[in-house]
Amino acid sequence: MSSPSKRREMDLMKLMMSDYKVEMVNDGMQEFFVEFRGPNESIYQGGVWKIRVELPDAYPYKSPSIGFINKIYHPNVDEMSGSVCLDVINQTWSPMFDLVNVFEVFLPQLLLYPNPSDPLNGDAAAMMMRDRPAYEQKVKEYCEKYAKPEDAGVIPEDKSSDEELSEEEDDSGDEEILGKPDP
């Protein structure tokens, strides 16, 4: 049945066209990384995470496997493995959802509205319920320590090479190049 593979291809292209940086793991379209930024006006704002996505053979009928590569402090994310506990991905997934939904709706909602009563990180859940200011401070510390653009591994290489190119272009004497006609 070619329908799931066409859908996989279409969803991946849609994700790429939605300005998400996507890094393929191999030639197939089943495993890749996506750069994900913390939602604005949240305690995760400014954080950048590399998210591992694995699409099962039966995608979109079976949900994608989603995990954080760099650390995040959150009750519903396992601190060691990065696994995500999110009902909509794990139990109530529907073929009506696509990859853009995961990154534009589901993950931002997870970060904005953690569920400490169904934790993968018991320490984060307990701290969130017991001492909210301490929890929020620890989230911010994790963002500063583990969720900088270079920790996500995608941005700095592209950004620094672009910056280096633009600096070199400024100093390269473009006027001379422009002044010479093609032979």
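Fair warning: this is a prediction, and the values are worked out from it, not measured in the lab. (Residues numbered from 1 in each chain as written. Predicted model: local features only at pLDDT ≥ 70, side-chain atom pairs only at ≥ 80, totals over all residues. Heavy atoms only, no water.)

### Overview of the UniProt feature "active site" (unreviewed entry) in the chain
Cross-referencing UniProt, the feature "active site" (unreviewed entry) maps to Cys 85 in the present numbering. Residue classification places Cys 85 among the buried residues on the basis of a relative accessible area of 15%. In this view, Cys 85 contacts Asn 76, Asn 90, Leu 110, Asp 118 and Leu 120; residues no more than four positions away in its chain are not counted. (UniProt positions renumbered as here; feature names shortened; annotations may be inferred. Buried < 20%, exposed > 50% of the residue type's maximum accessible area, 1.4 Å probe, protein only. Contact = heavy atoms within 4.5 Å.)

### Digging into the packing of aromatic side chains
With the rule as written, the count across this model stands at 10 aromatic pairs. Taking the centre distance of 5.7 Å and the plane angle of 50 degrees together, the rings of Tyr 20 and Phe 103 count as tilted. A residue pair is termed long-range when its members are at least 10 positions apart, and Tyr 20 in the loop between helix 1 (3–17) and strand 1 (22–24) and Phe 103 in helix 3 (residues 99–112) qualify at 83 residues. This pair shows no difference in class: Tyr 20 is buried, exactly as Phe 103 is. The structure contains a cluster of three or more aromatic residues connected by ring pairs, namely Tyr 59, Trp 93, Phe 97 and Phe 106. Of note, Lys 50 hangs over the ring of Phe 33, and the distance from its end group to the ring centre comes to 4.5 Å. (Phe/Tyr/Trp six-rings, centres within 6.5 Å; stacked < 30°, edge-to-face > 60°. Helix = DSSP H or I, 4+ residues; strand = E, 2+ residues; numbered from the N terminus. Lys NZ or Arg CZ within 6 Å of the ring centre and 35° of its normal.)

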